[in-house]
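Coordinate inspection notes
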Amino acid sequence: MLESRLPDQQLQRDLQGSRDSRNLITPISLGPLVDSMAHVTGEWPQENTDISQSGRTASFDGITADLAFSSFEWSFPPASTVTSTQFPPTDFLHDELDQLYLDRVHQSIPIIHQRRYLSWSKSNSKAPSQKCLQNAMWTLASLLSAPFRDMVEPLYQRTKQALESISIEGKNDNVNTELAQAWVLVVILESMRTHHRQAWMSAGRAFRLVQAMRYHEIDRPTDKGGPSAPQNGDFIQVEERRRVFWMAYFLDHVISMRDDWPITLNEHVICTRLPALDADFQSGNHELGPFLSEAMTQPTLKVGSSFNECLILATICGRTLLQIQQYQISKAYGDTLLDSTEQRRWLDNLLTTRLQALSQYYPSPTKAYDPLLLFAIILGQVTVIYFCKATMEPMPASISPLQGDTEFSNYQNRALEASETVIHLATTLCEVPVAKIHPLMPIPLFSCAEFLYDNMHASESFQLRIQELFYIFRRLKNIGLLVLSFAAKESERVFHYLFTCALMVGAMTYYAQASNLGWTAVEQVNNVGTGVIRQIFYAKYINWVVAFPSLALAMGLISGVSWTTIVCNIAISWIWVISYLVAAFTPSSYKWGFFAFGTFSWLILAMSTINESREAAALLEIQGDYLVLSGWLNLLWLLYPIAFGLTDGGNQIGVTGAFIFFGILDILSVPLLSFAVLFFARKWNYRKLSLAFSDARPSRDSESEIKEAPRVSSDVSATA
């Protein structure tokens, strides 16, 4: 996590020191941000990838994990039990998952020929490698679709088990393009779920697999002048091999860039053409892409494909990474440091050319909604940052100190400008549909954040930029909270709907009070020194008459008590609120009688939610979660009689003080508890709690079963 890079207190001191010296920068707290992000991230484990590198501080992986989850709707509840009707899936579910993959995943990972896949998708005699590929595709599709997210974990486990079994069997028939495609998709899936170490292990399997099948030399002529063995087959087969190889190459460079790891797939031994345009690939139009070196050094700029632009930029990052590693090794061994000025200048010109091509010959990524294009543009700016970092580290000894400082500042400012562009592009992620955001987008954003963090003491500009980036992370997190109810499964939205209604009523009543509406003047008999006439806002009682029963209903649903107990608690909460309302409008000492009735109702409600409900929750094995929620709620409820006695009841505190007192209590009750319930609910089994209410209605799966029922009956009759 981010704290592994530097403790939160240390970062606070760093930023505070900068603010004290300049009186400009407001300190930011990373702990609450990371904690709040964790509330959205779901139950999936986030591995600690704190791997220190020589010449580099510890990993900054918290940004990657938090941003991926909180921003892009990749924060999902844990998988619940999948019914037997889903494996094997019905025809409806089969078609739905296939279409979801083609609609939401293929644009970012264009390695599948759609028509050829659909031709064998429903075959009963699929090869083991094809089954692995299909399960991997369905897992990614389920990950990006709320109705199917309970299938993610079972599909993922089936995919990994099938891949491992193929590896154990060692049959050459199963070592083919589909197997490599499956491993590539698994790497991306595990990266999205922030299983970074597991993703790197799976990536190693994918890299060695494409090497073993010699996909790195598909277009190498043999000694006899004919095509090499990997090129045997039709255009679509060969192009799929090219695409899966280059996607593995892309993953190798992007993941290595994140942690400064050595590159596995060396560009200098590759004799495979870049992928053709996706339109040509899907239509079977026999148009070959250029070789990597040709595409990087072509004299005239022209429109290519977003995928190829990503590959070229990843190659530039790889060469920059190699320079850094060679410098560090030479320095460690005490060798003479070579002057790589010419090589850096050549890379700089190449990078400038690619950025010019992206800006002049491609449409706006937000208007085109091309996830690869948006990723390529952000990756281009991050490549500038990466290049400048590599250049600033080993300054040539031949340069004078003054000239070195000037060159260092120039590269630093250039990287800062690139980070500003990244931040500007990152703001558009809030406006882009989730399916149009590349799954690996957190990695370049992480690199930008790391650069800003490493240089935040250099100037105020770096501090302002890192605050802007964290603000974007918070915005993305808030958007994730707003769409949380839509991200949740239909059968797990009961608390979303319940608290949404309560919060909407609360917002309206507070709007009325802020507008000086919803009140009546009532004569007072106690503490007339505060005022003989008191402004009683009945709007807040309208809020409570909805909020308190909602909280009582939520506690009852969580604990699993009987419906009679739940209905009784709701009625008791109404009696409590109405008694206080009558007491507030009673202009005599008889108000305390109504106050006593209301307080007694609260005692009954507290006993039910603390004692009886706790015992019921223990049977459902959620006693710990329930105790935290009910304990906090009853602590707040204990303060409401005190607050009423001092304000509307005893007239001890004025109207403004009453606003503050009840405002704090109301904020700590429904808003805070609603998010606390949703946080704990991530690990609850709604079916075990009997809360999957929509299961009683026909779902898409059950509808398909109903449609298939007559056909099954007729088959049985025919057999008889």
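Residues numbered from 1 in each chain as written. Predicted model: local features only at pLDDT ≥ 70, side-chain atom pairs only at ≥ 80, totals over all residues. Heavy atoms only, no water.

- An unreviewed UniProt entry lists the protein chain under the name Xylanolytic transcriptional activator regulatory domain-containing protein, with Penicillium antarcticum as the source organism.
- In its Sequence similarities (unreviewed entry) section, the UniProt entry covering the protein chain states "Belongs to the archaeal/bacterial/fungal opsin family." (UniProt positions renumbered as here; feature names shortened; annotations may be inferred.)

A closer look at the packing of aromatic side chains
- All told, the structure shown has 27 aromatic pairs when counted by the stated rule.
- Each ring, one from Phe-451 and one from Phe-462, has its centre 5.6 Å from the other, and the planes form 65°; the classification is edge-to-face. Linking Phe-451 in helix α19 (residues 442-454) with Phe-462 in helix α20 (residues 460-482), this pair joins segments that are eleven residues apart in sequence. Each of the two residues, Phe-451 as well as Phe-462, counts as buried.
- Geometrically, the ring pair formed by Phe-495 and Phe-499 is stacked, given 6.4 Å between the ring centres and 20° between the ring planes. One end of the pair, Phe-495, and the other, Phe-499, are both in helix α22 (residues 494-514), four residues apart, so they sit about a helical turn from each other. For the pair Phe-495 and Phe-499, a shared accessibility class is recorded, and that class is buried.
- Grouped by ring-pair contacts, the aromatic residues Tyr-541, Trp-544, Phe-548, Trp-576, Tyr-580, Trp-592, Phe-595, Trp-637, Tyr-640, Phe-644, Phe-661 and Phe-662 constitute a single cluster.
- If you follow Arg-193 out to its NZ or CZ, it ends over the ring of Tyr-156, 5.2 Å from the centre. (Phe/Tyr/Trp six-rings, centres within 6.5 Å; stacked < 30°, edge-to-face > 60°. Helix = DSSP H or I, 4+ residues; strand = E, 2+ residues; numbered from the N terminus. Buried < 20%, exposed > 50% of the residue type's maximum accessible area, 1.4 Å probe, protein only. Lys NZ or Arg CZ within 6 Å of the ring centre and 35° of its normal.)

Concerning the nonpolar core
- Counting residues in hydrophobic clusters, the biggest one holds 122 residues, and the most contacted among them are Tyr-101, Val-184, Leu-185, Trp-246, Phe-250 and Leu-452.
- Element by element, the count of residues in this core is highest for helix α17 (residues 371-392), at 15 residues.
- Here this core spans two domains, since at least three of its residues come from each of domain 1 (88-221 + 234-289) and domain 2 (327-484).
- Among residues more than four places away in sequence, those in contact with Trp-246 are Ile-270, Thr-272, Arg-273, Leu-274, Pro-275, Leu-292, Phe-307 and Leu-311.
- Among the nonpolar cores identified, the runner-up in size contains 55 residues, and Tyr-541, Val-677, Trp-684 and Tyr-686 belong to it. (Core = buried A, V, L, I, M, F, W, Y, C linked by side-chain atoms within 4.5 Å. Domains from an automatic or database assignment. Contact = heavy atoms within 4.5 Å.)

A look at the UniProt feature "transmembrane region" (unreviewed entry) in the protein chain
- Cross-referencing UniProt, the feature "transmembrane region" (unreviewed entry) maps to residues 494-512, 541-559, 566-586, 592-610, 626-646 and 658-681 in the present numbering.
- What you have in residues 494-512 is 100% helix and 0% strand, and the ends, taken at the C-alpha atoms, are 28 Å apart.

Some thoughts on the packing of helix α14 (residues 306-333) against helix α15 (residues 341-361)
- Where α14 contacts α15, the two axes come as close as 11 Å, and the packing angle between them is 160°. Here α14 is positioned roughly antiparallel relative to α15, judged by the angle of their axes. Here α14 and α15 pass one another in a crossing that is left-handed. Here Glu-309, Ile-312, Leu-313, Ile-316, Arg-319, Thr-320 and Gln-323 of α14 come into contact with α15, specifically with Gln-343, Arg-344, Trp-346, Leu-347, Leu-350, Leu-351, Arg-354 and Leu-358.
- By residue class, the composition of the contact of α14 with α15 is eight nonpolar, three polar and four charged. (Axes fitted to C-alpha atoms, helices over the stretch in contact; angles between N-to-C directions. Parallel < 35°, antiparallel > 145°, perpendicular 65-115°, else oblique. Left-handed = near helix turned anticlockwise from the far one by under 90°. Nonpolar A, V, L, I, M, F, W, Y, C, P; charged D, E, K, R; others polar.)

Some points on unusual backbone geometry
- Although it is not a glycine, Asn-651 adopts a positive phi angle of roughly 60°.
- By the element assignment, Asn-651 lies in the loop between α26 (623-649) and α27 (655-681).
- Residue classification places Asn-651 among the buried positions, given a relative accessible area of 1%.
- Look at Ser-690: it is not a glycine, yet its phi comes out positive at around 60°.
- Take Ser-690: it is sitting in the loop between α27 and α28 (700-719).

Comments concerning a nonpolar patch on the surface
- Together, Trp-632, Leu-635, Leu-638, Leu-639, Ile-642, Leu-646 and Leu-672 line one region of the surface with nonpolar side chains, adding up to about 540 Å² of accessible area.
- The element that contributes the greatest number of residues to the nonpolar patch is α26, accounting for six residues.
- Along the chain, the position of Leu-639 falls in helix α26. (Patch = residues over 30% accessible without salt bridge, like charges linked within 9 Å, V, L, I, M, F, W, Y side chains within 5 Å. Areas by Shrake-Rupley, 256 points an atom, 1.4 Å probe, with all protein chains shown as cover. Salt bridge = Lys/Arg side-chain N within 4 Å of Asp/Glu carboxyl O.)

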